[in-house]
Amino acid sequence: MGFCISCGQQHQDGIRFCRYCGNQQPGEQLLARLRSEAEQIHYQRLAASQNQNQNQNQNQNQNQNQNQNQNQNQQFRQPRW
């Protein structure tokens with residue numbers, strides 16, 4: 001099922017004209033190319049999202065390590081008299 005590029009009404013795949021507004025619809029070759037491009041964009045967004053999550057996890061781990069190091073350093077400091 002597809003949608004009219006002009007009025008947005010749902011229609012069957014493969015029609016040439018919208019039965020609601022009468023506007024011409026894109027051909028099958030163009031639709032196939034658009035679907036392929038949309039799929040590529042989807043995978044690129046997934047990869048970017050995964051990279052962002054990995055970077056956030058690395059930053060959280062670094063912050064935790066820094067906090068642990070600071071706590072250890074504070075435990076071993078000599079008191080000032």
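Above this text you will find the structure in question.
About the thresholds
Residues numbered from 1 in each chain as written. Predicted model: local features only at pLDDT ≥ 70, side-chain atom pairs only at ≥ 80, totals over all residues. Heavy atoms only, no water. Disulfide = S-S within 2.5 Å. Buried < 20%, exposed > 50% of the residue type's maximum accessible area, 1.4 Å probe, protein only. Salt bridge = Lys/Arg side-chain N within 4 Å of Asp/Glu carboxyl O. Helix = DSSP H or I, 4+ residues; strand = E, 2+ residues; numbered from the N terminus.

Trainee: Would you mind showing me how to read the state of the cysteines here?
Mentor: Throughout this description, disulfide means a covalent bond between two cysteine sulfur atoms. In this structure the tally under the stated criterion is zero disulfides. Here Cys18 stays unpaired: no disulfide links it, and the sulfur of Cys7, its closest cysteine neighbor, is 3.7 Å away. Note on Cys18: relative accessible area 4%, which makes it buried.

Trainee: Help me understand the pattern of salt bridges in this model?
Mentor: Side-chain pairs of opposite charge can arise where the charged atoms are in close proximity. All chains considered together, the criterion is met by two salt bridges. Where Arg35 meets Asp13, a salt bridge forms, and the shortest distance between an N and an O atom there is 3.7 Å. Note that Arg35 is positioned in helix H1 (residues 28-75) and Asp13 in the loop between strand E2 (10-11) and H1, a separation of 22 residues in sequence. Taking the relative accessible area as the measure of exposure, Asp13 reaches 43% and is therefore partly exposed. Between Glu37 and Arg33 there is a salt bridge, with its nearest N and O atoms 3.5 Å apart. On the criterion of helical spacing, the pair formed by Glu37 and Arg33 is a turn pair, its members being four residues apart in helix H1. Overall, the relative accessible area of 36% leaves Glu37 in the partly exposed class.

The analysis is restricted to geometry; functional conclusions fall outside its scope.
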